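Below, each chain spelled out in residue letters.
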Amino acid sequence: MKIVLDSKIPSGTVATKWTKYRQEMKLVNPANKRKFEIIVVGSGLAGASAAATLGELGYNVKCFCFQDSPRRAHSIAAQGGINAAKNYRNDGDSIYRLFYDTIKGGDFRAREANVHRLAEVSVNIIDQCVAQGVPFAREYGGLLDNRSFGGAQVSRTFYARGQTGQQLLLGAYQALSRQIHDGTVKMFSRTEMLDIVIIDGHAKGIITRDLVTGKTETHSADAVVLATGGYSPVFFLSTNAKGCNVTATFRAFKKGAYFANPCYTQIHPTCIPQSGDHQSKLTLMSESLRNDGRVWVPKKPGDTRHPNDIPENERDYYLERMYPSYGNLAPRDIASRAAKKVCDEGRGIGPNGRGVYLDFSDSIKRLGRDKIEERYGNLFEMYERITGENAYEQPMRIYPAPHYTMGGSWVDYELMSNIPGLFVIGEANFSDHGANRLGASALMQGLADGYFILPQTIAGYFATHRNGRYSSDHPEFRKAHEDVRARINKLLSINGKRTVTEFHRELGKLMWDDVGMARNRAGLQHALQRLPEIREEFWGNVNVLGSGDEFNSALEYAGRVADFLEFAELLAFDALHREESCGGHFREEYQTEDGEALRNDGQFAYVAAWEYKGMDQFPVLHKEPLIYEEVKMTQRSYK
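Here the structure is a predicted model, which is why all the values come from computation and not from measurement.

**Some remarks on the sheet that holds strand β8 (residues 216–220)**
Link 1 in the chain: Reading across from one edge, β6-β7-β8 is the order of the three strands in this open sheet, with antiparallel pairing throughout. Two strands lie at the open edges of the sheet, namely β6 (191–199) and β8, each paired on one side alone. Each neighbouring strand pair of the sheet contributes to a mean axis angle of 25°, computed without reference to strand direction.
Link 2 in the chain: Summarising the sheet, strand β7 (residues 202–210) and β8 pair through five bridges and their orientation is antiparallel. The residue of β8 that forms the bridge with R209 is T216.

In structure tokens:
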């Protein structure tokens, strides 16, 4: 049956849609807000800001996170900054320019109305955060400072040294803590969502496991909000925290929520290269470093001299050469592929030849070491602790690594999935970044969704759907709870000979080799052949020690990897189906003469929303056409 995806985009020009929506949206009066209970899963920037704001509005909120504290959410790893169209530098920025840069950066594969709303809301986010006391960098006169990020020719990124995500999360956390103190939010730390409960077609609760006691519980609500981040650890090695996973959105997918554009994965060009097989993750060096660092490799293949001994005329500043308009601030997907290209030519540096230099010598000469230390000191310190190298005295070594994911649960303009009552915000949804996210836009989207968008749009659901909460004794709650317990018992009963880490590492290598920075039909078909085989061996030979009724990190990890083993097939299937290159999805068969991504707007200018039909059947594709009223789709160029 053909499904029509109703994106609920308001009529009118793109600049007036959000205003029109707010003028016409359904409201819930303050007294009635107290009657509704909302579950928020995740306490990063999107989840914490949403839970705090919903509590402030008077809703009863339950917020869940698997970390020790909301302050431990992975949002702290977003170091470089947050975009906003304030135009404080008077360099030509505007809401429209931020909107256009984001659409272009996503290679014309994002929903126009959502992106313009994001640009509009961006200006409010900074005021909100300053009022909370977030210590943004300031110029000598006291005004907020800005710097540039990839894919933009203006300075619109607000920052707090190299720890912007952490400072913004502390601001959201204090807002959340206030509501916890006032009793409008109840916080459940060290608690993981393992399934979602759907009753009469609506999301009405979740099943959780207490990670300390092992107790599984049911939680009922009037609506469920997923703010659980992305799925880059499907590649095993990524810049994401070890605990980041796809479980919440994938379990929602298996209950009927469409998953959109899973193949849109971002490779970040500025990461510390892998040093050995002992690693469980990779370390991000902020994109902000490319403001003052110049990227280069030796011109001659196999040049193993110390970088300080290679003269200027024997260096290839390849981003400046290839993309003169943007130089070292070319977008992430382009900068990553360029790094891979020079390394494939044999000009990579470091022990395994998979690295390029990020050199600050020119900036130190021009500005002085003190200024560079003021801007990036904590990043330089972190780099030295990991590598033993002083980046003030010699160039950093960097290489691309899996980072952000643009795919996620399909949502409409109201941030609600195709399952009524199930809202998805932040990185967990697909809506704002198309096929490639520009730097400093993740924090912008998370806070826009949590502080300013969801708290308004969720009222429309409550005003029009009055089927209320269900008791946890409802048959659907009991069934979901039993399914969760059965899955836990099955994982513990296998008693095989291979560790969960072995399977995750094998999965990650397969995904990086065949579904990573560059993809082709043969590699994707190979991945789709191998994934069921790895999954079958996992369920027959994994060894998970301990029991389900206690603290058991091995069991947590096994459940997440089991979901990755299924989700990886959806990711590869989507990448095979999309016979074009766009943004972070680069099919080697579809590229321009000079090696750039070659889109096929005639056949693939749509959101690919996949519907689960069971493990033994292919997912069903539903298309949301991407219709541009304000911008014209063009071949993306940063030269």
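**Brief notes about the sheet that holds strand β15 (residues 396–405)**
Link 1 in the chain: Taken together, five strands build an open sheet; the order of strands is β11-β15-β14-β12-β13 and the sheet is antiparallel. The sheet is open, and its two edges are formed by β11 (265–271) and β13 (315–316), each paired on a single side.
Link 2 in the chain: Direction of pairing for strand β12 (residues 294–298) relative to β13: antiparallel, over a ladder of two bridges. Note that in β13 the partner of V297 across the bridge is D316.

**So, the packing of helix α15 (residues 521–541) against helix α16 (residues 553–577)**
Two numbers describe a pair of packed helices, the interaxial angle and the distance between the axes.
Link 1 in the chain: Between α15 and α16, the shortest axis-to-axis distance is 9 Å and the interhelical angle comes to 160°. Between α15 and α16, the angle falls in the class roughly antiparallel. The hand of the α15/α16 crossing is left-handed. Between α15 and α16, the contacting residues are R521, L524, Q525, L528, L531, P532, I534, R535, F538 and W539 on the first element and A558, V561, A562, L565, E566, A568, E569, A572, F573, A575 and L576 on the second.
Link 2 in the chain: Its residues assigned to classes, the contact of α15 with α16 comprises 16 nonpolar, one polar and four charged.

**Regarding the packing of helix α5 (residues 112–132) against helix α12 (residues 442–464)**
Link 1 in the chain: The interhelical angle for the contact between α5 and α12, taken along N-to-C directions, is 100°, at an axis separation of 9 Å. Classified by the angle their axes make, α5 and α12 are roughly perpendicular. When α5 is examined against α12, the residues R117, L118, V121, S122, N124, I125, Q128, C129 and Q132 are found in contact with a partner set consisting of M444, Q445, L447, A448, Y451, F452, I453 and T457.
Link 2 in the chain: Taken together, the residues of the contact of α5 with α12 sort by class into ten nonpolar, six polar and one charged.

**Focus on the environment of V484**
Link 1 in the chain: Structurally, V484 is set in helix α13 (residues 475–493).
Link 2 in the chain: Judged by its relative accessible area of 5%, V484 is buried.
Link 3 in the chain: For V484 and D195, which are 289 residues apart along the polypeptide, the C-alpha to C-alpha distance reads 7.2 Å.
Link 4 in the chain: Those residues in contact with V484, other than ones at most four positions away along the chain, are L194, D195, I207 and T216.

**Section: helix α14 (residues 500–515)**
Link 1 in the chain: End to end, α14 covers 21 Å across 16 residues, agreeing with the expected 22 Å (1.5 Å per residue, within 8%).
Link 2 in the chain: Of all the positions in α14, only V500, F503, H504, L507, G508, L510, M511, D514 and V515 are classed as buried. Down the axis of α14, the buried side of the element spans an arc of 165°, and every buried residue falls inside it.
Link 3 in the chain: Packed against the buried residues of α14 are α15 and α16.

**A word on the domain arrangement of the chain**
One widely used convention gives an interface's size as the accessible area the parts lose upon coming together.
Link 1 in the chain: Along its sequence, the chain is carved into domain 1 (268–402) and domain 2 (486–611).
Link 2 in the chain: If you average the C-alpha positions of domain 1 and of domain 2, the two centres end up 29 Å apart.
Link 3 in the chain: On the domain 2 side, the residues contacting the eleven residues of domain 1 number nine residues.
Link 4 in the chain: Summed over both sides, the interface between domain 1 and domain 2 buries roughly 770 Å², with carbon and sulfur atoms accounting for 58% of that surface.
Link 5 in the chain: When the area that domain 1 buries against domain 2 is broken down by residue, the three leading residues are D333, R337 and K340, summing to 52%.
Link 6 in the chain: Joining domain 1 to domain 2, the criterion identifies zero salt bridges.
Link 7 in the chain: For the interface between domain 1 and domain 2, the tally reads three residue pairs in polar contact (both at pLDDT 80 or more).
Link 8 in the chain: Elements that contribute at least two residues to the side of domain 1 that touches domain 2 include exactly α9 (332–347) and β15.

**Describing the pattern of salt bridges**
Link 1 in the chain: For the coordinates displayed, the defined rule picks out 62 salt bridges.
Link 2 in the chain: Close ionic contact of D344 with R354 constitutes a salt bridge, the shortest N to O distance being 2.7 Å. Of this pair, D344 sits in helix α9 while R354 is found in the loop between α9 and β14 (356–359), placing the two residues ten residues apart along the sequence.
Link 3 in the chain: Judged by its relative accessible area of 30%, R354 falls in the partly exposed class.
Link 4 in the chain: Put simply, E589 and R587 hold a salt bridge, and the shortest N to O gap is 3.1 Å.
Link 5 in the chain: For E589, a relative accessible area of 37% gives the class partly exposed.

About the criteria used
- Residues numbered from 1 in each chain as written.
- Predicted model: local features only at pLDDT ≥ 70, side-chain atom pairs only at ≥ 80, totals over all residues.
- Heavy atoms only, no water.
- Pairing = 2+ DSSP bridges.
- Helix = DSSP H or I, 4+ residues; strand = E, 2+ residues; numbered from the N terminus.
- Axes fitted to C-alpha atoms, helices over the stretch in contact; angles between N-to-C directions.
- Parallel < 35°, antiparallel > 145°, perpendicular 65-115°, else oblique.
- Left-handed = near helix turned anticlockwise from the far one by under 90°.
- Contact = heavy atoms within 4.5 Å.
- Nonpolar A, V, L, I, M, F, W, Y, C, P; charged D, E, K, R; others polar.
- Buried < 20%, exposed > 50% of the residue type's maximum accessible area, 1.4 Å probe, protein only.
- Expected span 1.5 Å × (residues − 1).
- Arc of directions from axis to C-beta.
- Domains from an automatic or database assignment.
- Buried area = accessible area lost by both parts, 1.4 Å probe.
- Salt bridge = Lys/Arg side-chain N within 4 Å of Asp/Glu carboxyl O.
- Polar contact = N/O pair within 3.5 Å; in protein donor to acceptor, adjacent residues only side chain to side chain.

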